Amino acid sequence: MNGLSVAIDEVAIQRAKLGDSRALEQLYRAYQSSVYTLARRICRVPEDAEEVLQDTFVEVCRSIGKFRGEGPGSLTAWIKRIAASKALMLIRREKYRETDEFNEDLGAGSTSPAQVGLRMDLEAALERLPRRSRAVVWLHDVEGYTHEDIADMMGKTVSFSKSQLARAHARLRGWLGEGEQC
Amino acid sequence: MLIHCTMEELVSIRDGEGSAAARQHLDACDACMEEMERLHQRIAHLKALPAFEAPRDRWPEVERVVRGDRRKRYARLIGWSSLVAAASIALLVGLRGFSVAADDPSKEVAQLIEESQHLESMLRAIKPSSRVMNGRMASAVVQLEDGIELIDETLEELSRRRRNAVELEQLWRQRVQLMDALVTTHAARTASYVGF
Ligand SMILES: [Zn+2]
């Protein structure tokens, strides 16, 4: 998980809850990189990730007064959950569905002849995953969400989340090939 | 022993789940063990991918949207919905401090609030947003509106703290002044508009 670049203390959280704009900006500065990274990994498209970043913090500013958790840890979880939901909402859009079809056509799932001798790196392989597999693998393996959390955020079942994760790994395994262990 | 673990099984086992049969197989099979090791490594590599930095600072935009919210809230709060569109900059119009000499500040405040409401209703009657404005006039209006918003924000903050009657009166007095200037500006514009 990405660490915070700016420390947030309890006082700053309390001030932000009162709507203090400087404290809210401090939250933005502290969390923007991890929120943007999460959004970028799920959405892939930089412009969309920026949209998620903005929408996340608009919501943080609007609802932090209702945030009941205590300490920076629960604040991180709260902010990231908002970001993840926004990113998942965004990838429901039409253009993402089209990219999925394109990726399926490329022969996702196993190593196609076109890829023999072409070793993809992890970044490229991750980007090439269909949107929902990519989201699940990132949220589960990197951000540490459970399948229950993911299913809840995606409006899907737990078994959907599990099978997407397995499919994602099967694909990554195929694309990365033997070079994966280096 | 011939059937190796599927990726689904490996992923489940890693999550502390998975069937007993699959676990048993994994323990006894070098190939599956190696596959499991790959899975662990892949996840470690995913976690180690570098963070991204947003290419642009989105805070100003976030702030603008949130300020817009607040403006709407204030507009509802004070029943003044026609002037909610300006950006917030420093207050430039004569906010002079007032020496308060009233004997009964709360009565004074009530009077000022009433005056302020009266000016608002005048403003509504002019319907400022429905008419065309020239550039200089528009910027004067924005400054006045920002001044009023600044006061409203301070008033709201004041209402959360212990009330300070003198400060309250000063703020309401300034608000009335600004409202008055706003009404005058709009009235002048309406007159020139009609006369044109
Ligand atoms: Zn095996």
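Residues numbered from 1 in each chain as written. Chains lettered and ligands numbered in written order. Predicted model: local features only at pLDDT ≥ 70, side-chain atom pairs only at ≥ 80, totals over all residues. Heavy atoms only, no water.

Peer 1: Can you help me understand the packing of aromatic side chains in this one?
Peer 2: Geometrically, a pair of aromatic rings is defined through the distance of the ring centres and the angle of the planes. If you walk through the whole model with that rule in mind, you get 4 aromatic pairs over all chains. Taking 5.0 Å as the distance between ring centres and 70 degrees as the angle between the ring planes, the aromatic pair formed by Y28 of chain A and F57 of chain A counts as edge-to-face. In this pair, Y28 of chain A is assigned in helix α2 (residues 21-43) and F57 of chain A in helix α3 (residues 46-63), connecting sequence segments 29 residues apart. Accessibility assignment for this pair places Y28 of chain A and F57 of chain A in one class, buried. Taking the centre distance of 5.0 Å and the plane angle of 35 degrees together, the rings of F67 of chain A and W78 of chain A count as tilted. Residue F67 of chain A is found in the loop between α3 and α4 (71-90), and its partner W78 of chain A is found in helix α4; the two are separated by 11 residues along the sequence. Site record: aromatic cluster; members linked through ring pairs are Y28 and F57 of chain A together with W59 of chain B. Over the ring of F52 of chain B we find R40 of chain A; its NZ or CZ atom is 4.1 Å from the centre of that ring. It is K156 of chain A that lies over the ring of F160 of chain A; its NZ or CZ is 5.0 Å from the centre. (Phe/Tyr/Trp six-rings, centres within 6.5 Å; stacked < 30°, edge-to-face > 60°. Helix = DSSP H or I, 4+ residues; strand = E, 2+ residues; numbered from the N terminus. Buried < 20%, exposed > 50% of the residue type's maximum accessible area, 1.4 Å probe, protein only. Lys NZ or Arg CZ within 6 Å of the ring centre and 35° of its normal.)

Peer 1: Just to check I follow, could you spell out the coordination of the zinc ion for this structure?
Peer 2: Six octahedral donors at a metal ideally form angles of 90 or 180 degrees, and four tetrahedral donors ideally form angles of 109.5 degrees. In the first shell of the zinc ion, the protein supplies H4 of chain B (ND1), H25 of chain B (NE2), C29 of chain B (SG) and C32 of chain B (SG), at 1.9 to 2.3 Å from the metal. Bound by 4 donor atoms, the zinc ion shows angles of 98 to 120 degrees at the metal and therefore tetrahedral coordination geometry. (Donors = N, O, S within 2.8 Å, 3.2 Å for Na, K, Ca; no water. Tetrahedral: all angles 85-135°; square planar, octahedral: opposite > 155°, others 65-115°.)

Peer 1: Explain the nonpolar core to me, please; I cannot follow it from the model alone.
Peer 2: Buried together is how nonpolar side chains tend to be arranged in soluble globular proteins. By size, the foremost hydrophobic cluster in this structure holds 74 residues, and its most contacted members are Y31, F57 and L75 of chain A. When residues of this core are assigned to their parent elements, the largest contribution, 12 residues, is made by α2 of chain A. Once you skip the residues sitting within four places of it in the chain, F57 of chain A turns out to touch L27, Y28, Y31, Q32, V35 and I79 of chain A together with V62 of chain B. Counting residues in hydrophobic clusters, the runner-up holds 18 residues, among them V109, L123, L144 and L168 of chain B. (Core = buried A, V, L, I, M, F, W, Y, C linked by side-chain atoms within 4.5 Å. Contact = heavy atoms within 4.5 Å.)

Peer 1: What should I look at first to understand the pattern of salt bridges in this one?
Peer 2: Opposite charge on two side chains permits pairing when their charged atoms draw close. Under the definition given, this model contains 21 salt bridges over all chains. R81 of chain A serves as the salt-bridge partner of D149 of chain A, at 3.5 Å between the closest nitrogen and oxygen. Linking D149 of chain A in helix α8 (residues 147-154) with R81 of chain A in helix α4, this pair joins segments that are 68 residues apart in sequence. Residue classification places R81 of chain A among the partly exposed residues on the basis of a relative accessible area of 27%. Each member of the salt-bridge network shares a partner with another, and the members are E25 and R29 of chain A together with D57 of chain B. (Salt bridge = Lys/Arg side-chain N within 4 Å of Asp/Glu carboxyl O.)

Peer 1: Honestly, the side chain of S116 of chain B in this entry has me stumped. Any pointers?
Peer 2: In this fold, S116 of chain B is placed in helix α5 (residues 105-126). On the basis of relative accessibility, which here comes to 1%, the residue S116 of chain B falls in the buried class.

Peer 1: Which parts of the structure should I look at to understand α2 of chain A?
Peer 2: An α-helix turns once every 3.6 residues. As a result, residues three or four positions apart point the same way. Residues and elements named next belong to chain A. With 23 residues, α2 extends only 29 Å from end C-alpha to end C-alpha; this falls clearly short of the ideal 33 Å at 1.5 Å per step. Helix geometry: α2 is bent most strongly at Y31, by close to 50 degrees. Counting buried positions along α2 gives 18 out of 23 residues, so the element sits mostly inside the fold. Where α2 begins, the capping side chain belongs to D20, and its oxygen is found 2.8 Å from the backbone nitrogen of R22. (Expected span 1.5 Å × (residues − 1). Bend = angle between axes of the 7 residues up to and from the residue. Polar contact = N/O pair within 3.5 Å; in protein donor to acceptor, adjacent residues only side chain to side chain.)

Peer 1: Can you help me understand the confidence of the model for chain B in this one?
Peer 2: A low pLDDT means the predicted coordinates there should not be read in detail. Per-residue pLDDT for chain B has a mean of 75; in total, 70% of the residues score no lower than 70. Across the assembled chains, the prediction reports ipTM 0.86 with pTM 0.65. (pLDDT = per-residue confidence, 0-100.)

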